[in-house]
Every structure is written in structure tokens, then in C-alpha cells.
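Inside the fold
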Amino acid sequence: MSSSSVFSGDETAPFFGFLGAAAALVFSCMGAAYGTAKSGVGVASMGVMRPELVMKSIVPVVMAGVLGIYGLIIAVIISTGINPKAKSYYLFDGYAHLSSGLSCGLAGLSAGMAIGIVGDAGVRANAQQPKLFVGMILILIFAEALALYGLIVGIILSSRAGQSRAD
């Protein structure tokens, strides 16, 4: 390390922080992409049978798309918290950001899988029996709530970064 560097904290800690930001965005977007694709196939299939219900059946696609926004929020929160030249950044901080990104990202991935499967089957079933629409929406809301739990835990974990030592 040169004497001109003003880096403070652990030099490898930002790696874990940035890995957390990447994990949040990548896994959440993977869930959003899967949910959109899987439920989109169901909407397209249902649209052949009942074209008048296509706009009503877009709900799972929209709900899946929101998952990517959750990952983006956590990635921005994490990346703005990593500035080792302005404030010391230790391994505790990096691990807090990594766990924050993983909790949001993996929750988004699992919610996207649930939304995709429920959305696909739900819109197809809704085409045959319109009374199933409310039930499908409720199941989708509970699946979306899983990602929201990951977002909340991610925000809490991210806020723990910077509390490792009194500077």
C-alpha cells in the first residue's frame, strides 16, 4: 500500500459490499424475468381462448416486474453506503451489505418463481372459470409479500453497516 492512499478500513470489505449490491439486483431481476416469462406464456395461451380477458390477466406480469425494482432499491442503498475514502469501511460493513443484498435478491427470486407459476396457472384457469380471479390475485399478493419481506430485511441489514466501530 502506498503512502499516498487514504483508504481506511479493510481493503477487501468493499468487495463484499458490491457483491451484495450485485446479488440484490441480479437475483431480483432473475425472479422478475422468470415471473414475467412464465405468466406471460399463460396470458398468451389464455388470450387465444378468451381475448377479452387479456388486459385483466396482465396483473401477474406487473407484479413480477415490481420484483426487479426491489432489487434496484437495495442495490442503490448499498452502493451509496460504500465510500471507503470518506468513511472507514470494515468487513462488518461489507458482510452487512452482502447479507442485505442476498436477502432481498433471493427473496425476489423465490417470489418471482411463485408469481410465475401461480400467474401461468391462474390466468389459464381464469379463462375457464372467471370466479377464480379473486383467489388468484390473493395468492399473487402473498407471493409478492415474500419479496417485500426480503426488501424490509435488506433495508434493516443495510442500515447496520457503519455500526461496527465508533470512529
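Residues numbered from 1 in each chain as written. Predicted model: local features only at pLDDT ≥ 70, side-chain atom pairs only at ≥ 80, totals over all residues. Heavy atoms only, no water.

**Here's the deal with the UniProt feature "domain: V-ATPase proteolipid subunit C-like" (unreviewed entry) in the protein**
The positions UniProt marks with the feature "domain: V-ATPase proteolipid subunit C-like" (unreviewed entry) are residues 19-78 and 99-157. For residues 19-78, the end-to-end C-alpha separation is 10 Å, with 85% helix and 0% strand making up the annotated structure. In residues 99-157, helix accounts for 93% and strand for 0%; the two terminal C-alpha atoms are 7 Å from one another. (UniProt positions renumbered as here; feature names shortened; annotations may be inferred. Helix = DSSP H or I, 4+ residues; strand = E, 2+ residues; numbered from the N terminus.)

**Quick word on the UniProt feature "transmembrane region" (unreviewed entry) in the protein**
Feature annotation in UniProt assigns "transmembrane region" (unreviewed entry) to the following positions: residues 15-37, 58-78, 98-120 and 132-157. The span residues 132-157 shows a helical share of 96% and a strand share of 0%, and its end C-alpha atoms are spaced 38 Å apart.

**Quick word on the packing of aromatic side chains**
Across all of its chains, the model carries 2 aromatic pairs by this definition. Between Phe 15 and Phe 16, the aromatic rings sit 5.3 Å apart at their centres with planes inclined by 75°, giving edge-to-face as the arrangement. In this structure Phe 15 comes out as exposed when scored by relative accessible area, which is 52%. A network of ring pairs unites the aromatic residues Phe 15, Phe 16 and Tyr 95 as a single cluster. A cation sits over an aromatic face here: Lys 56 above Phe 133, 4.5 Å from the ring centre. (Phe/Tyr/Trp six-rings, centres within 6.5 Å; stacked < 30°, edge-to-face > 60°. Buried < 20%, exposed > 50% of the residue type's maximum accessible area, 1.4 Å probe, protein only. Lys NZ or Arg CZ within 6 Å of the ring centre and 35° of its normal.)

**Examining a nonpolar patch on the surface**
A contiguous nonpolar patch, built from Leu 146, Leu 148, Tyr 149, Ile 152 and Ile 156 and spanning about 470 Å² of accessible area, is present on the exposed surface. Mapped onto the elements, Tyr 149 comes out in helix 4 (residues 133-160). (Patch = residues over 30% accessible without salt bridge, like charges linked within 9 Å, V, L, I, M, F, W, Y side chains within 5 Å. Areas by Shrake-Rupley, 256 points an atom, 1.4 Å probe, with all protein chains shown as cover. Salt bridge = Lys/Arg side-chain N within 4 Å of Asp/Glu carboxyl O.)

**Points about the environment of Ser 110**
Within the secondary structure, Ser 110 sits in helix 3 (residues 91-128). Residue class for Ser 110 comes out partly exposed when judged on its relative accessible area of 36%. Counting along the chain gives 63 residues from Ser 110 to Gly 47, while the straight-line C-alpha distance between them is 27 Å.

**Considerations on the side chain of Asp 120**
Residue placement: Asp 120 occurs in helix 3. Asp 120 sits in the buried class, given a relative accessible area of 11%.

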